[in-house]
Amino acid sequence: MSQVQAEPEFPVVPDLHWSSQLETGDARMDQTHVEFVELLARLRATPHEQQLPLFKELTAHTIEHFEQEDRWMVATGFTADNCHTEQHNSILETMQAVEEHYLKGDTEIISRMADALAEWFPSHAATMDAGLAQHLQSLGFDTHNETLPDPSKVRPATMSGCGSVSCS
């Protein structure tokens with residue numbers, strides 16, 4: 001008698017909704033995060049065969065989102081290759097690879113990526129982004145105008161950490 005191997009089951013990732021637990025303390029950063037969470041929720045609710053246009057929209061938003069934070073980090077003393085930016089780059093590289101795999105016929109890969117983003121984002125927001133928001137506030141950096149009231153407080157390209165509350 002032959003045995004049929006069952007497909008591995010992936011754990012169900014709970015829906016991600018905006019909540020106060022995702023707030024960083026910076027209104028502009030939080031607004032960008034609200035948009036990210038909303039796009040991600042729409043994507044996760046879309047059937048596999050209809051996901052590509054929305055995934056492209058999420059990818060474009062994520063590129064802008066990460067570029068915004070990366071600009072703020074460089075403007076406030078981080079090296080261009082800090083670990084927070086490196087994590088952004090890793091996520092974007094994966095998103096681009098996902099699109100390629102989808103186009104080659106793996107129509108479930110976008111859903112798997114969306115689940116992974118829903119798992120990753122709360123921790124990223126609570127550590128790296130919340131820490132970055134604290135750093136920006138400590139310098140008086142205005143994220144709406146992207147200005148620093150006293151540039152002499154920043155030593156350019158001296159911080160290589162992630163901007164997290166748990167690392168420097």
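Procedures and definitions
- Residues numbered from 1 in each chain as written.
- Predicted model: local features only at pLDDT ≥ 70, side-chain atom pairs only at ≥ 80, totals over all residues.
- Heavy atoms only, no water.
- pLDDT = per-residue confidence, 0-100.
- Contact = heavy atoms within 4.5 Å.
- Salt bridge = Lys/Arg side-chain N within 4 Å of Asp/Glu carboxyl O.
- Helix = DSSP H or I, 4+ residues; strand = E, 2+ residues; numbered from the N terminus.
- Buried < 20%, exposed > 50% of the residue type's maximum accessible area, 1.4 Å probe, protein only.
- Phe/Tyr/Trp six-rings, centres within 6.5 Å; stacked < 30°, edge-to-face > 60°.
- Core = buried A, V, L, I, M, F, W, Y, C linked by side-chain atoms within 4.5 Å.
- Expected span 1.5 Å × (residues − 1).
- Polar contact = N/O pair within 3.5 Å; in protein donor to acceptor, adjacent residues only side chain to side chain.
- Axes fitted to C-alpha atoms, helices over the stretch in contact; angles between N-to-C directions.
- Parallel < 35°, antiparallel > 145°, perpendicular 65-115°, else oblique.
- Left-handed = near helix turned anticlockwise from the far one by under 90°.
- Nonpolar A, V, L, I, M, F, W, Y, C, P; charged D, E, K, R; others polar.

(A) Examining the confidence of the model for the protein more closely. Looking at the protein, the pLDDT average stands at 89 and 86% of residues meet or exceed 70. With pLDDT under 50 throughout, residues 164-168 is counted as low confidence; its partners more than four residues away or in other chains account for 13 contacts.

(B) Quick look at the pattern of salt bridges. This structure, assessed with the given rule, holds six salt bridges. Between R42 and E57 there is a salt bridge, with its nearest N and O atoms 3.8 Å apart. Of this pair, R42 sits in helix α1 (residues 27-44) while E57 sits in helix α2 (residues 52-75); the two residues are 15 residues apart in sequence, bridging distant segments of the chain. Taking the relative accessible area as the measure of exposure, R42 reaches 46% and is therefore partly exposed.

(C) Layout of the packing of aromatic side chains. The final tally for this structure, using the stated rule, is four aromatic pairs. Every member of this aromatic cluster is reached through a ring pair, and the members are F36, F66, W120 and F121.

(D) Structural view of unusual backbone geometry. Residue E146 is not a glycine yet carries a positive backbone phi of 55°. Note that E146 resides in the segment after α4 (109-139). Overall, the relative accessible area of 28% leaves E146 in the partly exposed class.

(E) Up close: the nonpolar core. Core analysis: the largest hydrophobic core is formed by 27 residues, its most contacted members being F36, L40, L58, M95, I110, L117 and F121. For this core, the elements supplying multiple residues, two or more each, are α1, α2, α3 (83-103) and α4. Element by element, the count of residues in this core is highest for α4, at nine residues.

(F) Spatial organisation of α1. Look at α1: 25 Å from first C-alpha to last across 18 residues, which is about the 26 Å you get at 1.5 Å a residue. Within α1, the full set of buried residues consists of M29, D30, T32, H33, V34, F36, V37, L39, L40 and L43. Where α1 begins, the side chain of D26 points an oxygen toward the backbone nitrogen of R28, at a separation of 3.2 Å.

(G) Structural detail: the packing of α1 against α2. Orientation of α1 relative to α2, taken along the N-to-C sense of each, is 160°, at an axis distance of 10 Å. With respect to each other, α1 and α2 are oriented roughly antiparallel. Between α1 and α2 lies a crossing whose hand is left-handed. When α1 is examined against α2, the residues R28, M29, T32, H33, E35, F36, L39, L40, R42 and L43 are found in contact with a partner set consisting of L54, F55, E57, L58, H61, T62, H65, Q68, E69, R71 and W72. For the contact of α1 with α2, the residue count by class is nine nonpolar, six polar and six charged.

(H) Region of interest: the environment of W72. Take W72: it is sitting in helix α2. Sequence separation of W72 and E146 is 74 residues, and the distance between their C-alpha atoms is 7.1 Å. Once you skip the residues sitting within four places of it in the chain, W72 turns out to touch D26, R28, M29, L136, F141, T143 and E146. One polar contact links W72 to E146, side chain to side chain, over a distance of 3.1 Å.

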